[in-house]
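Here is what each chain is made of, one letter per residue.
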Amino acid sequence: VTVMDGRFPEVPEGGFLNRADFAAWLGGHDDYSRLAISPVLAVRAALRAGVFVASSVSAGSDTNQFAISLCRTLVSTWVAIKYPSTATVTAARTAGRAASASRAVFAKDEASRLAVDAVVAAARAATADSADASNTAADAAAYAAGFAANAAVSASSGAFQNERAGVFWRAVADEANEAGSLASPAKLLDQPLWLNSTPEWWSGQFEGLKSAIQDQAPDETAREGWQVWIAWLHGRVQDVSSWQLAE
């Protein structure tokens with residue numbers, strides 16, 4: 001593995017094709033840079049995967065709790081990476097456990113289950129605190145990206161399956177390349193979720209998720225409350241540097 005500037009290995013020519021490729025690239029980092037970049041790439045992959053829970057969110061009146069759990073995990077994970085502290089890391093870890101528990105109850109199809117797995121893996125990457133934290137975070141990040149790509153496959157059909165998995169892996173490779181030009185990998189959190197163009201089919205899934213969330217809100221107050229979450233998610237998709245999280 002060729003290392004760039006002593007920090008970041010070169011992304012393989014052709015990018016990443018699967019979880020093993022991505023894991024090998026992460027393994028080429030030193031401990032410090034591996035721990036810095038793994039959670040960032042993990043949460044961005046999880047955010048892209050989150051749209052695939054729409055069918056489960058719209059499956060029944062109790063799924064509002066499911067949507068809240070996933071949104072809380074994504075937000076708290078993002079915050080723990082961007083503003084690390086004991087409090088933010090603990091919040092992300094707690095939210096990840098709640099999302100994992102909600103999976104068995106509310107995830108109604110394989111795409112939803114894989115999307116939840118990606119979100120939970122991202123939370124693990126952001127909260128790794130073992131003696132081998134850098135490897136723990138990298139392993140969780142590789143799984144988050146793999147689950148996200150597999151969710152795209154499961155949510156698609158026929159000839160689109162491999163194509164859409166490839167789109168997800170190219171997004172990860174684009175971010176890995178971009179990270180080498182930034183002062184800190186966390187600066188990627190201030191970039192649009194898709195560094196190049198947002199795929200139209202993914203935008204359609206995102207619109208479906210927003211509609212499902214709003215439709216499942218039990219009353220007008222809840223619908224207004226969901227606007228905060230939706231605005232935050234929309235901010236990640238577009239230009240996150242222009243949308244500040246209320247602190």
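Counted under the stated rule, the structure contains 11 aromatic pairs. Clustering of aromatic rings is evident, with ring pairs tying together Phe52, Phe168, Trp194, Trp201, Trp202 and Phe206. The residue whose ring lies beneath Arg48 is Trp194, and the NZ or CZ to ring-centre distance is 5.4 Å. The ring of Trp232 is capped by Arg236, whose NZ or CZ atom sits 4.5 Å from the centre of that ring.

With that settled, the discussion passes to helix H8 (residues 160-179). In a regular helix each residue adds 1.5 Å, so 20 residues correspond to 28 Å; H8 covers 29 Å between its end C-alpha atoms and thus fits that length. Every buried residue belonging to H8 is among Arg164, Ala165, Gly166, Val167, Phe168, Trp169, Ala171, Val172, Ala173, Glu175, Ala176 and Ala179, and all of these are buried.

Looking at the protein chain, pLDDT values average 85 and 89% of them are 70 or higher. Here residues 1-6 is a poorly scored stretch, pLDDT under 50, and it has 11 contacts once near neighbours within four places are set aside; other chains count. pLDDT under 50 marks residues 242-247. Its contacts with residues more than four places away, or in other chains, come to nine contacts.

Interhelical geometry of helix H1 (residues 19-27) versus helix H2 (residues 31-49) gives an angle of 150° and a closest axis separation of 10 Å. In terms of orientation, H1 and H2 fall into the roughly antiparallel class. Residue-level contacts link Phe22, Trp25, Leu26 and Gly27 of H1 to Arg34, Ile37, Ser38 and Leu41 of H2. Here the residues of the contact of H1 with H2 sort into five nonpolar, two polar and one charged.

All right, on to the nonpolar core then. Core analysis: the biggest nonpolar cluster contains 76 residues, and Phe16, Phe22, Trp25, Phe52, Phe168 and Trp202 have the highest contact counts within it. If one sorts the elements of this core by residue count, helix H6 (residues 110-126) sits on top with 11 residues. For Phe168, the contacting residues outside a window of four places in its chain are Arg48, Ala49, Phe52, Ala148, Ala149, Ala152, Trp194, Trp201 and Trp202.

Let us now look at the environment of Thr77. Here Thr77 shows up in helix H4 (residues 64-82). We classify Thr77 as buried; its relative accessible area is 1%. Once you skip the residues sitting within four places of it in the chain, Thr77 turns out to touch Val43, Ala92, Ala122, Ala123 and Ala126.

A word on the pattern of salt bridges. Per the stated rule, a full pass over the model turns up eight salt bridges. Note that Arg48 is salt-bridged to Glu175, the shortest N-O span being 2.6 Å. Of this pair, Arg48 sits in helix H2 while Glu175 sits in helix H8, placing them 127 residues apart in sequence. For the pair Arg48 and Glu175, a shared accessibility class is recorded, and that class is buried. What emerges from the salt-bridge pattern is a single network uniting Arg44, Arg48 and Glu175.

Attention now moves to H2. Taking 1.5 Å of rise per residue, the 19 residues of H2 would be expected to cover 27 Å, and the 27 Å separating its terminal C-alpha atoms lies within 8% of that figure. Among the 19 residues in H2, 15 count as buried, and that is most of the element. Among the residues of H2, the N-terminal cap falls to Asp30, whose side-chain oxygen and the backbone nitrogen of Tyr32 are separated by 3.1 Å.

Another point: the side chain of Lys210. Within the secondary structure, Lys210 sits in helix H9 (residues 200-216). Note on Lys210: relative accessible area 15%, which makes it buried. Within polar-contact distance, the side chain of Lys210 engages the side chain of Glu207 at 3.0 Å. When near neighbours in sequence (up to four residues on either side) are disregarded, Lys210 contacts Ile230 and His234.

Here is what the cut-offs are and how they apply
Residues numbered from 1 in each chain as written. Predicted model: local features only at pLDDT ≥ 70, side-chain atom pairs only at ≥ 80, totals over all residues. Heavy atoms only, no water. Phe/Tyr/Trp six-rings, centres within 6.5 Å; stacked < 30°, edge-to-face > 60°. Lys NZ or Arg CZ within 6 Å of the ring centre and 35° of its normal. Helix = DSSP H or I, 4+ residues; strand = E, 2+ residues; numbered from the N terminus. Expected span 1.5 Å × (residues − 1). Buried < 20%, exposed > 50% of the residue type's maximum accessible area, 1.4 Å probe, protein only. pLDDT = per-residue confidence, 0-100. Contact = heavy atoms within 4.5 Å. Axes fitted to C-alpha atoms, helices over the stretch in contact; angles between N-to-C directions. Parallel < 35°, antiparallel > 145°, perpendicular 65-115°, else oblique. Nonpolar A, V, L, I, M, F, W, Y, C, P; charged D, E, K, R; others polar. Core = buried A, V, L, I, M, F, W, Y, C linked by side-chain atoms within 4.5 Å. Salt bridge = Lys/Arg side-chain N within 4 Å of Asp/Glu carboxyl O. Polar contact = N/O pair within 3.5 Å; in protein donor to acceptor, adjacent residues only side chain to side chain.

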